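Geometric and topological summary
The lines below spell out each chain.
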Amino acid sequence: MYISRRSLLAAGLGTAVAGCTSSTDDGSSTTLPSDESTVASTTTESTTSTTTAATPAPLLVDAPAYTGDIPFALGTASGDPDASSVVLWTRLSSRPLDGDAFGATDHQVAIDVATNQTFETLVYSGLHDAPAAHDHSVHAIIDGLAPNSWYWYRFRLGEHTSRTARTRTLPIAGDDPLRLGFSSCQNWESGQYAAHRHLADAELDLFVWLGDYIYEYGPGNGGVVGSAGRRRHTTPEVTDLSGYRQRYALYKSDPDLQAHHEARPWVVTWDDHEIDNNHAGLISQDGQDEQEFLARRRAAHQAWWENMPVRLGSPQDDVFEIHRTLQWGNLVDLHILDGRQYRDPQPSDGEAVPIPGAGEGIRRLGPTARDPQQSMLGSAQRTWLEEEVRSSTAVWNVLGNQVYMHGLDAFPGESPATNIDTWDGYHGEREELLTSLTKESTNLVVLSGDFHASTAADLRADPFDFDSQVIATEFMAPAISSAFPSQLRPLAPLVAQFNPQIRHFDPDNGYMTCEITADTWTTELHRLTDVTDEASSISVVARFSVRSGTPGINTIEVFE
Ligand SMILES: [Fe+2]
């Protein structure tokens, strides 16, 4: 479990000044302190050592010199854990919305990791770069950790120490149950982040973010009002690096979002709004010149990477590959997808179906959508995914996916009237992909977001062929704050009526949690009482189960 003294020295930690001790592991605690603390970085209590020569205790390093305001105004985060390591993240910032004093100077920051909340059982202390070129963000991979274990961590700079945060590693084997939360879509102007406050307090191992962490829009007409004032975007639509950076700073200024990041590791992907609404590859929403849009996308990728706790190097090219797999023992392989970057343009040949409140993206299934060559994933990512599932030995294969796969016929007619921004615009590829994946895995579960509503659904290769076999299961989480269009709310009861594959539909905000065992997958839908209220309560309004070996929703309980 311990990082060796030699590796600490190799990491340039010659400035360590005081010894720490090993004591009993209290890793069962789940409470996080909420107060920021300021501690002397160069001293630590010396108590009776229980370490042996074979397992020398790590030394607490000196924090780099710094005078100024608290540099952890954006909080900290962890992400992309495996069985022996995890990514720890922060971005040095004192006044994120007003410009910072860190400027063009490269900095370093100290990181401590312990098996208890008071850092008496330190397992790592070291210095990590916060380069100016990365907007002083830190992506530190802390290795040599024990599998299936909780850890506490903190960042230090000068006299300042971040709040203590909690993270964990994954089991290396076996089928220990996994408690997973997931959601998406947190438009700043649409609501408060009470859902994140409840998630921060929940007992979950991992949180999966399925996209729309920021919205690129300029200020709208409204914006909810909270104790910190009206929540409005502070700049016009963002299109360049400084704009995207500032937008992340605005969103990350929320204390509930920070608390949730500090509660457990996140596994994140993006959807469209991290760059531009409903874009597909280099096709922008407003028909921007492709070279201009490429520059915009590079800026958006850079800012996303700087602000996310991802196990990825900084973007180096026009293409930034983010698809990856996490393995929770032998129970779950979680495949994180990128449904935006490699997309073919959305189809334009199905008959347009005007539905007030649904924008211009509803079309009847046409030849392009039905063509298997019309790809959402791109051939390289699709080949990778098929190989990952083919070689998987996990009980459950899970897709961390953006837009719904279960299909939705918004207005029955000669052929389904579908939202072409979803997998319905890539109907032929979906049919081939689901067929090939479910040949290899009888327990395929798709997690989705994007729609600002939630579903529990049976998946068929052709979602609109209701006589065909159910071959997988999908859960679409509600949005943290983004709104389901008010004009469409009266139509919500019709969704399930026209779409028997959708076993449950709910247009309200919240999130989903999943308890996954080798026998059963149980998903709970958590619904916020009032998304405009930062103190909103939340309640479990439905529970769904899937039995291992039997694709599709098995049981549905509704509590209202
Ligand atoms: Fe969204």
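The structure we're discussing is the one just above.
Residues numbered from 1 in each chain as written. Predicted model: local features only at pLDDT ≥ 70, side-chain atom pairs only at ≥ 80, totals over all residues. Heavy atoms only, no water.

**What to know about the pattern of salt bridges**
Quick note on the threshold: The term salt bridge refers to a side-chain nitrogen of Lys or Arg lying within 4 Å of a carboxyl oxygen of Asp or Glu. Helix and strand assignments follow DSSP, with helices taken as H or I runs no shorter than four residues and strands as E runs no shorter than two, numbered in order from the N terminus. Between buried and exposed lies partly exposed: a residue is buried under 20% and exposed over 50% of the maximum accessible area for its type, with that area taken using a 1.4 Å probe on protein chains only.
A complete count under the given rule lists 30 salt bridges for this structure. We note a salt bridge from D112 to R154, for which the minimum N-O separation is 2.7 Å. Placement of the pair is D112 in strand β5 (residues 107-114) and R154 in strand β8 (residues 150-157), with a sequence separation of 42 residues. Here the two residues D112 and R154 agree in accessibility, since each one is buried. Here the residues in one salt-bridge network are R91, D135, R245 and E306, joined through shared partners.

**Structural notes on the environment of E524**
Secondary-structure assignment places E524 in strand β26 (residues 520-528). Residues E524 and C514 lie 10 residues apart in sequence; the distance between their C-alpha atoms is 6.3 Å.

**Remarks on the packing of aromatic side chains**
Operational definition: Think of it this way: a Phe, Tyr or Trp ring, Trp meaning its six-membered ring, pairs with another when their centres are within 6.5 Å, and the plane angle makes it stacked under 30 degrees, edge-to-face over 60, tilted otherwise. By definition here, charges over rings are those cases where NZ of Lys or CZ of Arg is within 6 Å of the ring centre and within 35 degrees of the ring normal.
One pass over the structure, following the stated rule, counts 21 aromatic pairs. Ring-pair connections join several aromatic residues into one group, and the members of that group are F207, W209, Y213, Y248 and W266. Above the face of the W188 ring, R231 is positioned so that its terminal group lies 3.7 Å from the ring centre. Seen from the ring of Y193, R231 lies directly overhead, with NZ or CZ sitting 4.5 Å from the centre.

**Thoughts on the coordination of the iron ion**
Here is the rule we go by: With water omitted from the atoms examined, metal sites may look incomplete; donors here are N, O and S atoms no farther than 2.8 Å from the metal, or 3.2 Å in the case of Na, K and Ca. Labels for metal geometry use angle windows, namely 85 to 135 degrees for all angles of a four-donor tetrahedral site, and for square planar (four donors) or octahedral (six donors) sites opposite donors over 155 degrees apart plus all others within 65 to 115; sites meeting none of these are irregular.
Looking at the iron ion, the protein donor atoms are C185 (SG), D212 (OD), Y215 (OH) and H452 (NE2), and they sit 2.1 to 2.5 Å from it. In this structure, the iron ion is surrounded by four donor atoms whose angles at the metal cover 87 to 171 degrees, and the resulting shape is irregular.

**Re helix α2 (residues 194-201)**
Owing to its 3.6 residues per turn, the α-helix aligns residues three or four sequence positions apart on the same side. Quick note on the threshold: We call two residues in contact when some of their heavy atoms are within 4.5 Å.
When you tally the buried positions in α2, you get six out of eight residues, the bulk of the element. Along α2, the residues classified as buried are A194, A195, H196, H198, L199 and A200. In this fold, the buried residues of α2 make contact with β12 (206-209), α4 (255-261), β15 (266-268), β25 (510-516), β26 and β27 (538-547).

**So, the sheet that holds strand β21 (residues 444-448)**
This is how it is decided: Paired strands, in this sense, are two strands between which DSSP finds at least two bridges. Between N-to-C directions, angles span 0 to 180 degrees; the directions come from axes that are lines fitted to C-alpha atoms, helices contributing only their stretch in contact.
Spatially, seven strands are ordered β16-β17-β19-β21-β23-β22-β24 in an open sheet, and the strand pairing comes out mixed. Edge positions in the sheet fall to β16 (324-328) and β24 (502-506), since each has one partner strand and no second. Direction aside, the axes of adjacent strands within the sheet are offset by 15 degrees on average. Sheet topology note: the strand β19 (residues 396-400)/β21 ladder contains four bridges and is parallel. Bridge pairing links G400 to L447 in β21. Strands in contact with helix α7 (residues 379-390) are β16, β17 (332-336) and β19; relative to β17, the strand with the most contacts, it is inclined by about 175 degrees. Of the strands in this sheet, β19, β21, β22 (454-459) and β23 (472-476) are in contact with helix α8 (residues 427-440), which crosses β21 at around 135 degrees.

**A closer look at the pairing of β21**
By the criterion of burial, β21 is predominantly enclosed, with five of the five residues buried. A two-sided burial pattern is seen for β21, the buried positions comprising L444, V446 and S448 on one face and V445 and L447 on the other. The pairing of β21 with β23 spans four bridges and is classified as parallel. Following the sheet pairing, S448 is matched in β23 by M476.

**Quick notes on the nonpolar core**
Under the convention used in this document: Buried residues of nine kinds, namely Ala, Val, Leu, Ile, Met, Phe, Trp, Tyr and Cys, make up a nonpolar core once their side-chain atoms join them within 4.5 Å.
Counting 39 residues, the largest nonpolar core has Y213, Y244 and W304 as the members making the most contacts within it. Residue assignment for this core shows that the elements contributing at least two residues are α2, β12, α3 (241-252), β15 and α5 (290-307). Examining the composition of this core, we find that six residues originate from one element, α5, more than from any other. Among all residues touching W304, those that are not within four sequence positions of it are Y248, V268, T269, W270, E274, V310, L312, F320 and I322. By size, the runner-up hydrophobic cluster in this structure holds 31 residues, among which are F475, A477, A542 and I553.

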